[in-house]
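Chain by chain, the residues run as shown.
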Amino acid sequence: MTIAVLISGRGGNLRAILESSVGELVSAVISDNPKAAGLQTALEHDKAAYSLSPADFDKHSDWENKLGELLEAVQPRIIALAGFMRILRADWVSRFADRMVNIHPSLLPAFPGLNTHRRALAAGVKEHGCTIYRVCEKVDGGEIIAQKKVPVLADDTPKTLAVRVSAAEHALYPAVLAELISKV
Ligand code: GRF
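An account of the accompanying structure is given in this report. (Residues numbered from 1 in each chain as written. Predicted model: local features only at pLDDT ≥ 70, side-chain atom pairs only at ≥ 80, totals over all residues. Heavy atoms only, no water.)

Another aspect to go through is the site of the ligand. Close contacts around the ligand come from Arg10, Gly11, Gly12, Asn13, Gly83, Ile103, His104, Pro105 and Glu169, and that covers them all. Measuring from a nitrogen atom of the ligand, one finds a backbone N or O atom of Ile103 at 3.0 Å. Pro105 has a polar backbone atom sitting 3.5 Å from an oxygen atom of the ligand. Protein contact buries 85% of the 370 Å² of open area that the ligand shows by itself. When atoms are counted within 2 Å of each cavity's grid points, the one that captures over half of the ligand is the largest pocket. Residues that form the shell around the ligand fall into these classes: two nonpolar, five polar and two charged. (Near = heavy atom within 4 Å. Polar contact = N/O pair within 3.5 Å; in protein donor to acceptor, adjacent residues only side chain to side chain. Areas by Shrake-Rupley, 256 points an atom, 1.4 Å probe, with all protein chains shown as cover. 1 Å grid on protein atoms, 1.4 Å probe; cavity = no way out; pocket = protein on both sides within 12 Å on 5 of 7 lines; lining within 4 Å. Sits in = over half its atoms within 2 Å of the grid points. Nonpolar A, V, L, I, M, F, W, Y, C, P; charged D, E, K, R; others polar.)

On to the environment of Leu25. Following the sequence through the fold, Leu25 ends up in the loop between helix 1 (12–18) and strand 2 (26–31). Under the relative-accessibility criterion, Leu25 is labelled partly exposed at 24%. Placed 23 residues apart in sequence, Leu25 and Ala48 show a C-alpha to C-alpha distance of 12 Å. Setting aside its immediate chain neighbours within four residues, Leu25 contacts Met1, Thr2, Ile3 and Ile181. (Helix = DSSP H or I, 4+ residues; strand = E, 2+ residues; numbered from the N terminus. Buried < 20%, exposed > 50% of the residue type's maximum accessible area, 1.4 Å probe, protein only. Contact = heavy atoms within 4.5 Å.)

For the rest of this paragraph, the subject is unusual backbone geometry. Leaving glycine aside, a negative phi is the common case for residues, and trans is the common case for peptide bonds. Of note, the amide linkage connecting Leu108 to Pro109 takes the cis form, showing an omega dihedral of 10°. In this fold, Pro109 is placed in the loop between strand 5 (100–104) and helix 5 (116–123). A positive phi angle, close to 55°, is found at Gln75, a residue other than glycine. Within the secondary structure, Gln75 is located in the loop between helix 3 (60–74) and strand 4 (78–81). At Asn115, a residue that is not glycine, the phi angle is positive and equals roughly 55°. Inspection of the secondary structure puts Asn115 in the loop between strand 5 and helix 5.

In this section: the pairing of strand 2. Counting buried residues along strand 2, five of its six residues qualify, which places the element largely inside the surrounding structure. As paired elements, strand 1 (residues 3–7) and strand 2 share five bridges and run parallel to each other. Paired with Ala4 across the two strands is Ala28, which belongs to strand 2. Two elements, strand 2 and strand 3 (residues 48–51), share four bridges in a ladder whose sense is parallel. (Pairing = 2+ DSSP bridges.)

Viewed as axis vectors pointing N to C, helix 5 and helix 6 (residues 158–182) meet at an angle of 115°, and their least axial separation amounts to 9 Å. Accordingly, the angle class assigned to the pair helix 5 and helix 6 is roughly perpendicular. Considering only the axes of helix 5 and helix 6, their crossing is right-handed. In this structure, helix 5 contributes His117, Arg118, Ala120 and Leu121 to the contact, and helix 6 contributes Pro158, Leu161, Ala162 and Val165. The residue makeup of the contact of helix 5 with helix 6, split by class, is six nonpolar, one polar and one charged. (Axes fitted to C-alpha atoms, helices over the stretch in contact; angles between N-to-C directions. Parallel < 35°, antiparallel > 145°, perpendicular 65-115°, else oblique. Left-handed = near helix turned anticlockwise from the far one by under 90°.)

For the rest of this paragraph, the subject is the pattern of salt bridges. Within this structure, the stated rule accounts for eleven salt bridges. The partner of Arg15 in a salt bridge is Glu19, and the shortest N-O contact between them spans 3.5 Å. Looking at Glu19, the relative accessible area reads 55%, which means it is exposed. Among the salt bridges present, the one from Glu69 reaches Lys66, with a minimum N-O distance of 3.8 Å. Placement of the pair is Glu69 and Lys66 together in helix 3, with a separation of three residues, close to one helical turn. (Salt bridge = Lys/Arg side-chain N within 4 Å of Asp/Glu carboxyl O.)

Across the sheet, seven strands lie side by side as 3-2-1-4-5-6-7; this open sheet has mixed pairing. Edge positions in the open sheet fall to strand 3 and strand 7 (144–151), since each of these has one partner strand only. Averaged over neighbouring strand pairs, the angle between their axes works out to 20° when direction is ignored. Summarising the sheet, strand 4 and strand 5 pair through three bridges and their orientation is parallel. Looking across to strand 5, one finds that Ile79 is bridged to Met100. Most of the contacts of helix 3 go to strand 2, to which it runs at about 170°, and overall it touches strand 1, strand 2, strand 3 and strand 4.

Here it is as structure tokens:
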């Protein structure tokens, strides 16, 4: 009953997961970016950390196949995308869709895609937040599992809002993973 976490960058959600009660269930951390700070965080927590860069493969599909092989070898019960910045092709996604979840920094279906905090402020919304959803072929379009709201304050900038949303993410993701694991 293990969790694989896929990252691309700083790994704030990864750290929150590793420091939570489900941290001991994380069996592998995989990054598409060799420079991702989260790889170091994984090692600090004695986790297997794999760097798999698409730049080292001739074709995107070769990289995807390798990522698939790695996941088949690790056999996680849940694949948690946490700031994983690659779009995966539909046929690859369908192989793992029954066990793959992602976190997104907005209250989906509002603001899919990038720059969510800036767009939320431009839209003048009073509430913002984060969403955990099941990954499907449609980017940021999968079934919503859980959301956590945060207020938008009058003097917010994208930066201050991002800090508030990150804190919500770090509370929500470990809790949702614990819940999902308890059901399998
Ligand atoms: C988070 O805001 C997450 O919702 C989005 O990418 C960001 C990753 O941050 N998908 P971190 O690497 O977990 O700190």
